[in-house]
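Descriptive analysis of the structure
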Amino acid sequence: MDILFFAFANDRDKPLPALEAEDEAIYSLLAPRQAQSHFVIHRDQSVSIEKLAEFLILYRNDIVLFHYSGHAGKDHLSLDDETASAYGIAELLGSCPRLQLVILNGCSTAGQVGRLLEKKVPLVIATSSSIEDEKAKDFAIQFYRSLTQSDTIHQAFDAARAKILTINDSIPFYRDTSSFDAPENPVWGIFHAQDVNDTSVWTLPFGSSQTFGSYTIVNDLLLNTLIAALAPFNVEVKRIWEREAEGESKSILDKREAILKCLPHPISEQVRKLLVPGDAGGQIYYDQAGLPRLSQMATVYDTIMELTGFILLAQLWEALSHSDALKIDDEVKKQVKAFLRLNALEREHFNFIPLIKAIQKFLNDNQIKYFIDELEHISGVFKEGEVFFEACQFLDSIKEKVYAKKIGDKDAILLSTLAEEKLAQVLQELGFIARYTFASVKNIGVVKYRHSKQAKFKHHLVKLVQRFVGLEEEVKIMEDFMDTASILLIKELEDSTEFLNLSPFVLDENAFDEKATIAKLYYFDQYNRDNDVYSYRHVYKPQDPRLMISNQLNYRIVKVQFEAFAQMLFDHPMRQVL
């Protein structure tokens, strides 16, 4: 049994306002791992000398991490009842044979480092001067957020360091790998002796009771979450949800088909891969815990974030094209420019959240109605500590580790369960996407009869709805015409239909070919300024060769659209912007 020991002590006379928030946030981050029996959390929220000594002795053979937060000094910790000697605490911690890390998140605790290292404590994180309560909280939260994402101690320390430097870039940090002497200048330091360097690669345990390589039941949580989240927005899914609530059993096949039919096609295709059963046909299937499934869950998350980013970029375009008076703030320009400037490697690792938040702020500040109404509330859950935010942080970290090939097969099996839980939390907030449909406009004809005074327009639309026998094509006659060769996001209202054109950020290659019958969706990937080439990545098969748009006659409109976008946003053509 691996135990994480947390001791919090708040002075009644000099209370630390952020200490309780730090305690709650750390516990929220670690609780899902404890629920999976990866470790046990011992959490003392008002620790006394007597209780500290009692539990350090009781758990000494199982403690792998000890964390203290509260008032402190170079030779003491301020506990609930009195001041505890650093010498005595070092003696107690030195008797814990499996202890890997001690964190003293209080003021000026670096004076205690030497004694702890002498007692063979492998690694210590401490402070060399007074620290602000809020910064101590922010450092600790980011440190444990990174640990829960399978980062090593040093990786988590670097992530916490980066978090603090975004608040104040003048705060010094230190790593000591050769002596027991704590420096005076840095605020936070990480200390260990030369002969224990391997300790820095320690990660949070996964538990000893797990059987590696065993088949793990998957998709139950994902299916049930999606049924509940999509039910308010889709009649068929709602029917399944109501019947199950009444005790009727519905088959996995019925659930799966209903879910896939009501999700936007770029998302449904990636979710489908998670849900289909595997066989011995030699292909890669994702319905068993392991690295392929973990990678696919990261792809589902990435697809959702990309699509959200492109939808908001399209709405930004719409807003700018309808009003010359809108003031474009510098943050929007900065984030859009950073996105357009990405090279191939940077694009693969791009995090859409800052871009999404910048455009949301622009829409909110200018009181512009969202095409996807529900996106307005997402900014409220995109905050540190919120379940949705933490789930996004976890999945983004998994994406990076999968791309960097830093997750082994055994860890991937265990992380698959956590990743499914986090993906379910993301999808739970996004159930409203069932209200919206994708369609590709192939061509448009004019309908005009002698008896009618006004012409109408016959749109040939390929509805991008998941089917097991291909996509649905329909003809829609409308008073106004849409752009040809475009991808539309469709919102059906009670008495009307609204459209948002996602081109040129999302393309259907076959919309440019009248003879083609199968939609082939691409996301904008990057722009090569030197060659004036726009690169697009296949949505469903990201490893396929990129669609490269340069001077082909049938794709000329794509380049024209990007030039128009750059001119509206930056008052310069694409090449000058980048």
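All values derive from a computational prediction rather than experimental measurement. (Residues numbered from 1 in each chain as written. Predicted model: local features only at pLDDT ≥ 70, side-chain atom pairs only at ≥ 80, totals over all residues. Heavy atoms only, no water.)

What follows covers the layout of surface pockets. Here the second largest pocket defines a volume of roughly 510 Å³. Along the wall of the second largest pocket there are 17 residues; nearest its centre are Gln142, Ser146, Gln149, Asp151 and Ala159. Looking at the lining of the second largest pocket, the elements that each hand over two or more residues are α5 (133–148), α6 (153–167) and α16 (387–403). Here the residues of the lining of the second largest pocket sort into 3 nonpolar, 7 polar and 7 charged. (1 Å grid on protein atoms, 1.4 Å probe; cavity = no way out; pocket = protein on both sides within 12 Å on 5 of 7 lines; lining within 4 Å. Points joined across faces, edges and corners; volume = space filled by probe spheres on them. Helix = DSSP H or I, 4+ residues; strand = E, 2+ residues; numbered from the N terminus. Nonpolar A, V, L, I, M, F, W, Y, C, P; charged D, E, K, R; others polar.)

You can see Glu244 is positioned in helix α8 (residues 235–245). Residue Glu244 is classed as partly exposed on the basis of its relative accessible area, which comes to 26%. A distance of 2.9 Å separates polar atoms of two side chains, one belonging to Glu244 and the other to Lys255. (Buried < 20%, exposed > 50% of the residue type's maximum accessible area, 1.4 Å probe, protein only. Polar contact = N/O pair within 3.5 Å; in protein donor to acceptor, adjacent residues only side chain to side chain.)

Pairing within the open sheet is antiparallel, and its 4 strands lie in the order β16-β17-β18-β19. Two strands lie at the open edges of the sheet, namely β16 (506–508) and β19 (547–549), each paired on one side alone. Along the sheet, successive strands turn relative to each other by an average axial angle of 35°, direction set aside. Bridge count for β16 against strand β17 (residues 521–528) is 3 bridges, and the pairing is antiparallel. By the bridge assignment for β17, Leu507 is matched with Tyr522. Contacts from helix α18 (residues 556–570) reach β16, β17, β18 (533–538) and β19, with the element oriented near 105° to β18. (Pairing = 2+ DSSP bridges. Axes fitted to C-alpha atoms, helices over the stretch in contact; angles between N-to-C directions. Contact = heavy atoms within 4.5 Å.)

Looking at the secondary structure, you find Gln526 in strand β17. Polar side-chain contacts of Gln526 include one of 3.5 Å to the backbone nitrogen of Ala344. Residues in contact with Gln526, not counting those within four places in the same chain, are Leu342, Asn343, Ala344, Val533, Tyr534 and Ser535.

Here the focus is the pairing of strand β1 (residues 3–9). Counting buried positions over the 7 residues of β1 gives 7, a clear majority of the element. Side chains Ile3, Phe5, Ala7 and Ala9 of β1 all project onto a buried face; the interleaved residues Leu4, Phe6 and Phe8 project onto the opposite face, where all are buried too. Taken together, the 7 bridges between β1 and strand β3 (residues 63–70) define a ladder with parallel strand orientation. Bridge assignment links Phe6 to a residue of β3, and that residue is His67.

This part takes up the nonpolar core. Counting residues in hydrophobic clusters, the biggest one holds 110 residues, and the most contacted among them are Val336, Phe339, Leu502 and Tyr536. For this core, the element with the highest residue contribution is helix α11 (residues 291–322), accounting for 17 residues. Those residues in contact with Tyr536 that lie beyond four places of it in its chain are Pro504, Phe505, Leu507, Tyr522, Tyr523, Phe524, Asp525, Arg546, Leu547, Ile549, Val558 and Phe562. (Core = buried A, V, L, I, M, F, W, Y, C linked by side-chain atoms within 4.5 Å.)

For the rest of this paragraph, the subject is the pattern of salt bridges. Tallied over the entire structure, the rule returns 33 salt bridges. Across the pair Glu244 and Lys255 runs a salt bridge whose closest N-O atoms are separated by 2.9 Å. Of the two residues, Glu244 is situated in helix α8 and Lys255 in helix α9 (residues 252–262); the sequence distance between them amounts to 11 residues. For Lys255, a relative accessible area of 9% puts it in the buried group. Here Asp525 and Arg537 are joined by a salt bridge, their closest N and O atoms 3.2 Å apart. With Asp525 in strand β17 and Arg537 in strand β18, this residue pair connects regions lying 12 residues apart in the sequence. (Salt bridge = Lys/Arg side-chain N within 4 Å of Asp/Glu carboxyl O.)

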